[in-house]
Amino acid sequence: MYNRLKNSSIFASAGILALQMILVSGLDAEGDANQGKRVFQRCKACHALRPGQHRVGPSLHGVFGREAGSADGFDGYSRGMRDLNITWTEGNLLEFIQAPALMVQRTRCKAGMVNNEQDRINLVEYLKQASD
Ligand code: HEC
């Protein structure tokens, strides 16, 4: 329990830091969903957006507001993901994409290849619209 609390406060401060970086760097924090759709090509080999359509990774349909590691019918989660105990939000999804292994030890997700921060922001904006 203590570790969980400690971890979530680390994530929270990382989130605040990320926001500050966005503000000072002049990045467009709103994100552009059309641009984000192109970035999603890098996730598509493993993730579909249709409900229940799992590939190597779980369907990302309805991912926002869903508990991590809980997509119905997907049995390929790592222990770290199943035990993560967070609900996906824009903020923690951005952090996950930036450095998946920092958030989930030995995760099987290869989302960490989007190196450009604006690309990540655009991707999350796209997911917000396309995962509904
Ligand atoms: C090589 C396949 C692969 C690629 C590419 C990939 N992922 Fe994943 N993803 C997975 C797997 C497998 C899991 C389950 C991971 C685990 O349990 O550790 C996962 C889990 C996730 C989750 C957690 C879902 C849940 O139900 O809790 C999110 C969010 C996610 N991926 C987003 C992305 C995004 C965004 C990209 C592209 C930038 C991406 N992934 C690229 C395989 C992949």
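Residues numbered from 1 in each chain as written. Predicted model: local features only at pLDDT ≥ 70, side-chain atom pairs only at ≥ 80, totals over all residues.

Peer 1: For this particular structure, what's the right way to read the overall build of the protein?
Peer 2: Looking only at helices and strands, the protein features 6 helices and 0 strands. Tracing the protein from N to C terminus, the helices and strands come up as α-α-α-α-α-α. Split into buried and exposed, the 132 residues of the protein put 23% on the buried side. In the protein, once contacts between residues fewer than 6 apart in sequence are set aside, the share between residues at least 24 apart is 54%. (Helix = DSSP H or I, 4+ residues; strand = E, 2+ residues; numbered from the N terminus. Buried ≥ 20, exposed ≤ 12 C-beta atoms within 10 Å, placed from the backbone. Contact = placed C-beta atoms within 7 Å.)

Peer 1: How should I be thinking about the nonpolar core in this particular structure?
Peer 2: The nonpolar side chains of a soluble globular protein tend to be buried with one another. Counting residues in each nonpolar core, the largest one holds 19 residues, and the members touching the most others are Met81, Leu93, Ile97, Leu123, Val124 and Leu127. Elements that contribute at least two residues to this core include exactly α4 (90-98) and α6 (117-130). The biggest single contributor to this core is α6, with 5 residues. (Core = buried A, V, L, I, M, F, W, Y, C linked by C-beta atoms within 7 Å.)

Peer 1: Hey, could you run me through the confidence of the model for the protein in this one?
Peer 2: Parts of the prediction with low pLDDT should not have their coordinates interpreted in detail. Averaged over the protein, the pLDDT score is 90; the fraction of residues at 70 or greater is 80%. Per-element mean pLDDT across the protein ranges from 62 in helix α1 (residues 2-25) up to 98 in helix α2 (residues 33-40). (pLDDT = per-residue confidence, 0-100.)

Peer 1: I tried to follow α4 on my own but got confused; where do I start?
Peer 2: It helps to recall that an α-helix has 3.6 residues per turn; residues three or four apart then point in one direction. Residues of α4 that are buried include every one of Leu93, Leu94, Phe96 and Ile97, and no others. Take α4 and look down its axis: the buried residues cluster within an arc of 160 degrees, on one side only. (Arc of directions from axis to C-beta.)

Peer 1: Could you clarify how one ought to interpret the site of the ligand in this entry?
Peer 2: Around the ligand, the structure places 27 residues, and the nearest of them are Cys43, Cys46, Gly57, Met81 and Cys109. Mapped onto the shell around the ligand, the elements with two or more residues apiece are α3 (79-82) and α4. When its residues are assigned to classes, the shell around the ligand shows 17 nonpolar, 7 polar and 3 charged. (Near = placed C-beta within 6 Å. Nonpolar A, V, L, I, M, F, W, Y, C, P; charged D, E, K, R; others polar.)

Peer 1: Just checking my understanding: could you explain the packing of α2 against α6 for this structure?
Peer 2: Relative placement of two packed helices is described by the angle separating their axes and the distance separating the axes. Close contact between α2 and α6 brings their axes to 7 Å; oriented N to C, the two are set at 100 degrees. Comparing their axes, α6 and α2 come out roughly perpendicular. Across from Ala33, Gln35, Gly36, Lys37, Val39 and Phe40 in α2, the residues of α6 making contact are Asp119, Asn122, Leu123, Glu125, Tyr126 and Gln129. Split by residue class, the contact of α2 with α6 holds 5 nonpolar, 4 polar and 3 charged. (Axes fitted to C-alpha atoms, helices over the stretch in contact; angles between N-to-C directions. Parallel < 35°, antiparallel > 145°, perpendicular 65-115°, else oblique.)

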